[in-house]
Protein chains: 2
Amino acid sequence: MIGKEHIDALTKILGDKGVVARAEDMRAYETGARYDEGRAAAVLRPGTTAEVSAAVAYCVRNDLALIPQSGNTGVVSGSTPDNTGTEIVLSLDRLTRQLELDRNNRSVRVDAGFRLSDLNRRLEEHDLFFPIDLGSDPRLGGMIATNTGGSRFLKYGGVRRNTLGLKVVLADENGTVLDLDCDLRKNNTGIDWKQIFIGTTGAFGIVTECVLNLERVPKQTATAFLVPASGADVLHLLNAMEERLGAYLSAFEGMSKNAIAATLAHVPSLKNPFQGGNVPDYVILAEISRTWAPREGEQSLDAVLESVLAEIWESEEAPLADAFVGPPHEIWALRHALPEGVKHLGKLIAFDLSFRRGDIMAFCDHMKTEMPEKFPGVTVCDFGHIGDGGVHFNLVVAKDSPLLAEASFEQRLREWVFAVAVEQYGGSFSAEHAIGRRNQAFYDFYTPEKLKEMARGLKTLTSPGKLGSVRFG
Amino acid sequence: MIGKEHIDALTKILGDKGVVARAEDMRAYETGARYDEGRAAAVLRPGTTAEVSAAVAYCVRNDLALIPQSGNTGVVSGSTPDNTGTEIVLSLDRLTRQLELDRNNRSVRVDAGFRLSDLNRRLEEHDLFFPIDLGSDPRLGGMIATNTGGSRFLKYGGVRRNTLGLKVVLADENGTVLDLDCDLRKNNTGIDWKQIFIGTTGAFGIVTECVLNLERVPKQTATAFLVPASGADVLHLLNAMEERLGAYLSAFEGMSKNAIAATLAHVPSLKNPFQGGNVPDYVILAEISRTWAPREGEQSLDAVLESVLAEIWESEEAPLADAFVGPPHEIWALRHALPEGVKHLGKLIAFDLSFRRGDIMAFCDHMKTEMPEKFPGVTVCDFGHIGDGGVHFNLVVAKDSPLLAEASFEQRLREWVFAVAVEQYGGSFSAEHAIGRRNQAFYDFYTPEKLKEMARGLKTLTSPGKLGSVRFG
């Protein structure tokens, strides 16, 4: 806990609604989406950028540690306090006043506390959306702080590409507000400072407002399950689809047999879509979409997809073993159920990796080959975004495995996976979850000394106060 | 000039081919694409990153000033030395050894000295290209240093979006090489340091190698001239086209009557495409494209464009006065001739501005209304990238105008244009040309003190030596 005088002073700045100090009211802010149970000194809930600024200035002057928290849906322990009870959570959940749409510019200026789903609901009647497709429903500030990607990155890119501007409060003695809230697509008048606040878990400043690029909502969508003839054919299939569909292609997701089988077994509402109920070794979900309503004389999108698949099917060395077009909600239902499905197999140890596109399958094969010897009883249940190189590399340990009794097992496993992914395959140990307490040690290990030195310098330049769960540098 | 001992030492590092010191051989490196005539102390032409590093380290230790130069095609005096004869040009023109294509990843790892046209020629046989469409033919390092955009930004984005990784030499006493040469699309493992070298004219480090995203070459293209019913209808037309064409739309360029008329008058090879030869007040060039070859049973792209235009034509309050689909090379010929065409009218004073899309036409109208009173005899010959908010706002002063005799005329004009663009319309004074000596004063004037302080700090953190033509901070 912190002294009562601080609670009183912060209440004076933020009002009664702006400060939470009772243990039972703080619980939700102390508990992370997947793992964490921390203890907060207090929770601040400012309602405006000016209030964020005043609260931050007070905390910096009094050397109080702040953890910015947005939707608190992250999985790397980036947004919760540690167990010391000395860190103050600064929540964005009341920063939900302003939402200013500019239809002509296809952009929106919006407070960072809005949830993704709320933003998109407000944009629906204008046929626009913020094109980041995620399983969870974060608030915008956290999406920026983690630079989320998602399932349609292949077509729309991630948060970085779709952020035009930011308003940021720095953790200095004045709570300086940086107006980087530009709403232009082309602007080359110096350093693009907003970039350093994207994907850095709030350590360099707290995003309170953002200007986002919007896209038009697709009016037609067609989806299919594709069964590649072999693991290597996943890539041939991706190339064949990109060649023939270009910007139509909006998702190209991969799902391993283990992940599918676990999900079908544990989510009874899902029907098994495969011939004879036999789950193939690997399945691709492909989606194509376009923004206009069906037009007379134009092939339906299902027909386009079918004819492209027929063309690929008939090509020499066809990379396809099977394929069937189906209604998007049915096809996606299986994909969306995977994160939940794999959990039922045992203890889940999740990795969020990325690779050059050509290396994903090779890496997964490599791991599936070596796993039985290195970590017997651990099942690889991978799925991911083949089109952009991302893979949710999930490992499941049977609940009765002796490995779980070994104190250093998880650490040993993580180190091995990262060593193979990063050192042998040139991959990334965090594709789209950013850095948090949970992968801090790997940031420390894999980041060159010079870049850590530069990060320390940048921290001093921007937010010298105690801000964020991550030590950069 | 610098002392002979420095020339000798640098020759020892770079070899005879790596150092140019004779006045006549330096001329091309001292002369800019549009305005500049500087004087170099010497020209360095390293052939590898290691040579860049060694040369930079020597110069920093000896307090010698370096100007990085790439294709030297920029128009803001970013890549040429000043008139003191004390600055050394470091040219990238021999950094053209490595070009490593990764087809599966749709990326290329390439030395920064390659010209855009050379890169795309090498990629042609693979049906891939680096999708930045420019009138000039810069080298890649300079494209990164200026974050170029171009005519198809609407579809592909600019350099920032298409840069996956960089290798950078810092101007410190060791000529530190930063390996930011990641080839992943998703990678969130800390600060994305490459961003600070994009669009900052080489002041924070010299880019020697880059990893770039590639796109598939369009196999079908259809183009049209559209005549909007009014100035305000330019925007309605853009919205109508985006709604109906989505990701097909690859260019939406605007051309003013003045710019077209000047070009038709002075480029005799162009035929006048307009009814009765009457140039409309404003004309849009729209392009749609797709990456696959024509397929049986599929509407041709010309037919798609025609049917969409017919639909818009028949809509209520149709924003179209006229429209005609024509062969891409004919349609683009007029657009490509504009930069040359407008020069013939008199003395050209060029601005590279950007706005929210909804404000471009309002700004241009505003200026056309006020110009005759403020600067009689100055003609507005604007054209630009309506789809992304960029406008090449060209002013032409008749050769016999008394304004040209006024010493402060150009300065006065620039200050007024920027004041209206930036302060009244919230626009940018540099859309895609970045900062150079030529617009340094406007960077100084429009950049908030806090951001300049941060820029100074970042300069110390990265390249404390004398590097680049721009003073950031």
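Per an unreviewed UniProt entry, chain A is named FAD-binding protein, and its organism is Sinorhizobium terangae.

Novice: Lay out the interface of chain B and chain A with the relevant residues and their values.
Specialist: Taken residue by residue, the interface counts 79 residues in chain B and 79 residues in chain A. Summed over both sides, the interface between chain B and chain A buries roughly 6,600 Å², with carbon and sulfur atoms accounting for 56% of that surface. At the junction of chain B and chain A, the tally comes to 39 residue pairs in polar contact (both at pLDDT 80 or more). Counting only elements with at least two residues in the side of chain B that touches chain A, the list comes to helix H6 (153-156), helix H7 (159-162), strand E9 (177-180), helix H8 (233-245), helix H10 (301-314) and helix H15 (449-462) of chain B. Tallying contributions element by element places H15 of chain B first for the side of chain B that touches chain A, with 9 residues. Of the residues belonging to the side of chain B that touches chain A, the class tally is 28 nonpolar, 28 polar and 23 charged.

Novice: Which residues make up unusual backbone geometry, and what values go with them?
Specialist: One non-glycine residue, Thr201 of chain A, adopts positive backbone phi at about 55°. Within the chain, Asp127 of chain B stands out as a residue other than glycine whose phi angle is a positive 60°. Structurally, Asp127 of chain B can be placed in the loop between helix H4 (116-123) and strand E7 (128-129). Assessed through its relative accessible area of 34%, Asp127 of chain B is described here as partly exposed.

Novice: Please set out empty space enclosed by the protein residue by residue, giving values where relevant.
Specialist: Residue and element names in this part refer to chain B. On inspection of all chains with the given rule, the structure shows 4 cavities of 30 Å³ or more. Roughly 190 Å³ of internal volume is contained in the largest cavity. For the largest cavity, the lining is made up of 16 residues, of which Val76, Ala350, Asp352, Arg414 and Asn439 are closest to its centre. The element best represented in the lining of the largest cavity is strand E16 (residues 347-354), accounting for 3 residues. Broken down by class, the residue content of the lining of the largest cavity amounts to 9 nonpolar, 3 polar and 4 charged. No fewer than three residues from each of domain 1 (4-91) and domain 4 (345-424) sit in the lining of the largest cavity. Computed from the structure, the second largest cavity encloses a volume of approximately 120 Å³. In terms of residue class, the lining of the second largest cavity is made up of 5 nonpolar, 4 polar and 4 charged.

Novice: How would you explain the side chain of Asp172 of chain A if you had to name every residue and give the values?
Specialist: Residue position: Asp172 of chain A is located in the loop between strand E8 (163-169) and strand E9 (177-180). Among the polar contacts listed, one links the side chain of Asp172 of chain A to the side chain of Thr176 of chain A, at a separation of 2.6 Å. Apart from residues lying up to four places away in sequence, Asp172 of chain A is in contact with Ala57, Val60, Thr462 and Pro464 of chain A together with Lys450 of chain B.

Novice: I'd love a proper account of the relation of the copies chain B and chain A, names of residues and values included.
Specialist: When chain B is fitted onto chain A, the two copies agree to an RMSD of 0.0 Å after a turn of 180° and an axial shift of 0.0 Å. Overall, the copies show the geometry of a two-fold rotation axis. When the interface residues of chain B are mapped onto chain A, 100% of them are again interface residues, pointing to one common binding face.

Novice: Tell me about H4 of chain B, and name the residues and values.
Specialist: Residue and element names in this part refer to chain B. Where H4 is concerned, the buried positions are Leu116, Leu119, Asn120 and Leu123. Projection of H4 onto a plane perpendicular to its axis shows the buried side chains occupying an angular sector of 95°, all on one side. On its buried side, H4 packs onto strand E5 (99-102), strand E6 (107-111), E7, helix H5 (140-146) and strand E10 (206-213).

Novice: How would you explain the pattern of salt bridges if you had to name every residue and give the values?
Specialist: Applying the stated criterion across every chain, the model contains 83 salt bridges over all chains. Here Glu209 of chain A makes a salt bridge to Lys167 of chain A, at a shortest N to O gap of 3.7 Å. In this pair, Glu209 of chain A sits in strand E10 (residues 206-213) while Lys167 of chain A sits in strand E8, placing the two residues 42 residues apart along the sequence. The two residues Glu209 of chain A and Lys167 of chain A agree in class, both being buried. One salt bridge connects Glu330 of chain A with Lys271 of chain A, and the closest N-O pair in it is separated by 3.5 Å. Here Glu330 of chain A, found in helix H10 (residues 328-343), pairs with Lys271 of chain A, found in the loop between helix H8 (257-266) and strand E14 (282-290); they are 59 residues apart in sequence, far enough to count as distant. Glu330 of chain A gets classed as partly exposed once you look at its relative accessible area, which sits at 38%. Look at Lys271 of chain A and you get exposed, because its relative accessible area is 61%. Salt bridges sharing partners connect three or more residues here, namely Arg109, Lys167, Asp179, Asp181, Asp183 and Glu209 of chain A together with Arg356 and Asp359 of chain B.

Novice: Kindly report on the packing of helix H9 (residues 257-266) of chain B against helix H11 (residues 328-343) of chain B, identifying the contributing residues and their values.
Specialist: Residue and element names in this part refer to chain B. Where H9 contacts H11, the axes come no closer than 8 Å and their chain directions differ by 85°. When the interaxial angle is binned, H9 and H11 end up roughly perpendicular. For the pair H9 and H11, contact is made by Ala259, Ile260, Ala262, Thr263 and Leu264 and by Leu334, Ala337, Leu338, Gly341 and Val342, respectively. Class assignment for the residues of the contact of H9 with H11 results in 8 nonpolar, 2 polar and no charged.

The rules behind these values
Residues numbered from 1 in each chain as written. Chains lettered and ligands numbered in written order. Predicted model: local features only at pLDDT ≥ 70, side-chain atom pairs only at ≥ 80, totals over all residues. Heavy atoms only, no water. Contact = heavy atoms within 4.5 Å. Buried area = accessible area lost by both parts, 1.4 Å probe. Polar contact = N/O pair within 3.5 Å; in protein donor to acceptor, adjacent residues only side chain to side chain. Helix = DSSP H or I, 4+ residues; strand = E, 2+ residues; numbered from the N terminus. Nonpolar A, V, L, I, M, F, W, Y, C, P; charged D, E, K, R; others polar. Buried < 20%, exposed > 50% of the residue type's maximum accessible area, 1.4 Å probe, protein only. 1 Å grid on protein atoms, 1.4 Å probe; cavity = no way out; pocket = protein on both sides within 12 Å on 5 of 7 lines; lining within 4 Å. Points joined across faces, edges and corners; volume = space filled by probe spheres on them. Domains from an automatic or database assignment. Least-squares fit on C-alpha atoms with pLDDT ≥ 70 in both. Arc of directions from axis to C-beta. Salt bridge = Lys/Arg side-chain N within 4 Å of Asp/Glu carboxyl O. Axes fitted to C-alpha atoms, helices over the stretch in contact; angles between N-to-C directions. Parallel < 35°, antiparallel > 145°, perpendicular 65-115°, else oblique.

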